[in-house]
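Structural characterization, general
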Amino acid sequence: MATRGGSAIKDQDRSLVYSAEDLWSKALDRGGVVNFFGSTFTLPQQKILGDLSAMQRTVDFWLQSKALQSRFPNLGPLVVRGRKGERKAHYEPDGVIAIPLDQPWACKEAVLVHEFAHHCAWSTDAPAHGPAYRHAMVEVANFVFGAEAALLLRAAYDGAGLEVADAT
Ligand SMILES: [Zn+2]
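An account of the accompanying structure is given in this report. If you're wondering where the values come from, they're calculated on a predicted model, not measured in any experiment.

1. Overview of the overall build of the protein
Per the secondary structure count, the protein includes 6 helices and 6 strands. Helices and strands appear in the protein in the N-to-C order β-α-β-β-α-α-β-β-β-α-α-α. Against the 2.2 N^0.38 benchmark of 15 Å for 168 residues, the protein shows a C-alpha radius of gyration of 15 Å, consistent with a compact globule. Projected onto the principal axes, the alpha-carbon positions of the protein cover approximately 45 × 35 × 35 Å. Buried positions account for 46% of the 168 residues belonging to the protein.

2. Describing the environment of Ala-98
Tracing the chain through its elements places Ala-98 in strand 6 (residues 96-99). Residue class for Ala-98 comes out buried when judged on its relative accessible area of 0%. For the pair formed by Ala-98 and Arg-83, sequence separation is 15 residues and the distance between their alpha carbons is 5.6 Å. In this structure, Ala-98 is in contact with Arg-81, Arg-83, Ala-89 and His-90, ignoring residues within four places of it in sequence.

3. As for helix 6 (residues 147-159)
Here helix 6 is 13 residues long and its end C-alpha atoms lie 18 Å apart, about the 18 Å a rise of 1.5 Å per residue gives. Packing partners of the buried residues in helix 6 comprise helix 1 (14-30), strand 2 (32-36), strand 3 (39-43) and helix 5 (131-145). Of the residues flanking the end of helix 6, it is Gly-161, one or two places downstream, whose phi is positive at about 75°.

4. Considering the packing of helix 1 against helix 5
Any two packed helices are characterised by how steeply their axes cross, that is the angle between the axes, and by the distance between the axes. At a closest axis distance of 13 Å, the pairing of helix 1 and helix 5 adopts a crossing angle of 10°. With respect to helix 5, the element helix 1 is oriented roughly parallel. Packed against helix 1, whose contacting residues are Val-17, Glu-21, Trp-24 and Leu-28, the element helix 5 presents Tyr-133, Arg-134, Met-137, Ala-141 and Phe-145 at the interface. In the contact of helix 1 with helix 5, the residues fall into 7 nonpolar, no polar and 2 charged.

Rules and cut-offs
Sequence order sets the numbering: in each chain, residues are counted from 1 along the sequence as written. In keeping with the model being predicted, local features are shown solely for residues with a pLDDT of at least 70 and side-chain atom pairs are shown and tallied solely at 80 or more, while totals for entire chains, interfaces and linings include all residues. Excluding hydrogens and water, the side-chain figures rest on all heavy atoms present in the structure. Helix and strand definitions here come from DSSP, where helices need a minimum of 4 consecutive H or I residues and strands a minimum of 2 consecutive E residues; each element is numbered from the N-terminal end. Using C-alpha atoms as the atom set, the radius of gyration is obtained and then compared with a globule rule of 2.2 Å times the number of residues to the power 0.38. For every residue, the accessible area obtained with a 1.4 Å probe (protein chains only) is divided by the maximum for its type, and the residue is called buried under 20%, exposed over 50%, and partly exposed between those limits. Only heavy atoms matter for contacts: two residues are in contact if any of them lie within 4.5 Å across the pair. What a helix is expected to span follows from its residue count: subtract one and scale by 1.5 Å. Helix axes are fitted to C-alpha atoms over the stretch in contact, other axes to C-alpha atoms as well, and angles between N-to-C directions run from 0 to 180 degrees. By definition in this entry, angles of less than 35 degrees are roughly parallel, angles greater than 145 are roughly antiparallel, angles of 65 to 115 are roughly perpendicular, and the rest are oblique. Under the scheme applied here, ten amino acids are nonpolar (Ala, Val, Leu, Ile, Met, Phe, Trp, Tyr, Cys and Pro), four are charged (Asp, Glu, Lys and Arg), and all others, including Gly, are polar.

Nothing here speaks to function; it is geometry throughout.
Listed below in structure tokens is the structure:
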């Protein structure tokens, strides 16, 4: 989930974002009924994407979505490639997502959503995991996993004191 080749702006929220999203991803591993401030709702269970071609098909499908295109009008193509001997996935600003395929956690939908959100929100003028990124992450999560999962992600950010940018 690291990024590189990016901005000189300090990415000070990165570790808080990682831990908030980690809790959220664990809830999506389980799926099912969640109790949330006295309301219950049902979360989907996230998929494991077994290989690069499954991941590429998934991001291509997201890129073609009218819902995401209307929120992020200038999305360029994305290439998913493998990455050896590394512990983290990362996004490269020229439209590449690199996934360490030998790490079981890295082949989850939530990881791909994280990197895809970088593609939607990338700017050299903003921190890589800042409020604009988090806004994109909530939007992509809403598209991929539904409104309940997006609400839970927002709550996880909120619980960590991380603000989410408004829609632009
Ligand atoms: Zn990241």
